[in-house]
Amino acid sequence: MPTLDDEPREPAPPGDRAPTVPSPGESRRLPAPPSARYAPRATPTSESIEATSALRGPLLRATAVAAAGGALLTIVGAVLASTGGLLFAAGVAGAAIGLVLAGAAAPAGDAVPVPRARIRWVAAGLALTAVAAAAAATWVIARGEGGVLGPIDYLLTTFGPFVPAEAVIASLAAWWGASVGPIRG
């Protein structure tokens, strides 16, 4: 292929570039080391105005779900005086808490996502709080009906191992829900 100088030269294979030779004082350094792509990315700090945590909205909704789950446990245990649905209600409430709270791990907007491990612990704690509040409310209702036992004695005498089982099932279900969520409609 002739050049402007009409000198014939060999065509270069595709993809090859002519080697560049640095001038005597010039360095051949990359602008950043190749390993820099594996460094953790800087996340916006809480001081940044643009950086908002994604936890606020899902936490408020999960708290409402926990209150509803606690009310359901209270209705089944105190009003209906049944142990049949307590474990099922605890599992459903815990899973719902975890699924709702998992929305903080995958926010829809510009919010900073919350680590999944933190969400799991918050969900399990919220589920345990709902079970404890339901147990206390059940005791208060029984006390109002003329009960004379203390809260622990009443719960162990009336429900046996069901209250601890509720706590375990609710926290495991919340952990599961926070791990597999979020569910968006």
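Each remark here, short or long, concerns the structure printed above.
As the structure is a prediction and not an experimental result, all values here were calculated from the model.

Asker: Before we move on, can you summarise the nonpolar core with the specific residues and values?
Answerer: Counting 31 residues, the largest nonpolar core has Leu73, Ile97 and Ile119 as the members making the most contacts within it. Elements supplying a minimum of two residues to this core: α1 (56-79), α2 (86-101), α3 (116-144), α4 (151-159) and α5 (162-180). If one sorts the elements of this core by residue count, α3 sits on top with 10 residues. Apart from residues lying up to four places away in sequence, Ile97 is in contact with Ala62, Val65, Ala66, Ala123, Leu126 and Ala127.

Asker: Please provide a residue-by-residue account of the packing of aromatic side chains, values included.
Answerer: Counted by the stated rule, this structure contains 2 aromatic pairs. Taken together, a centroid distance of 4.9 Å and an interplanar angle of 90° make the contact between Trp121 and Trp175 edge-to-face. Of this pair, Trp121 sits in helix α3 while Trp175 sits in helix α5, and the two are 54 residues apart along the sequence. By relative accessible area, Trp121 is classed as exposed at 60%. Both rings, one in Tyr154 and one in Phe159, keep their centres 6.3 Å apart while their planes meet at 90°; by these two values the pair is edge-to-face. As far as burial versus exposure is concerned, Tyr154 and Phe159 are alike and both buried.

The rules behind each value
- Residues numbered from 1 in each chain as written.
- Predicted model: local features only at pLDDT ≥ 70, side-chain atom pairs only at ≥ 80, totals over all residues.
- Heavy atoms only, no water.
- Core = buried A, V, L, I, M, F, W, Y, C linked by side-chain atoms within 4.5 Å.
- Buried < 20%, exposed > 50% of the residue type's maximum accessible area, 1.4 Å probe, protein only.
- Helix = DSSP H or I, 4+ residues; strand = E, 2+ residues; numbered from the N terminus.
- Contact = heavy atoms within 4.5 Å.
- Phe/Tyr/Trp six-rings, centres within 6.5 Å; stacked < 30°, edge-to-face > 60°.

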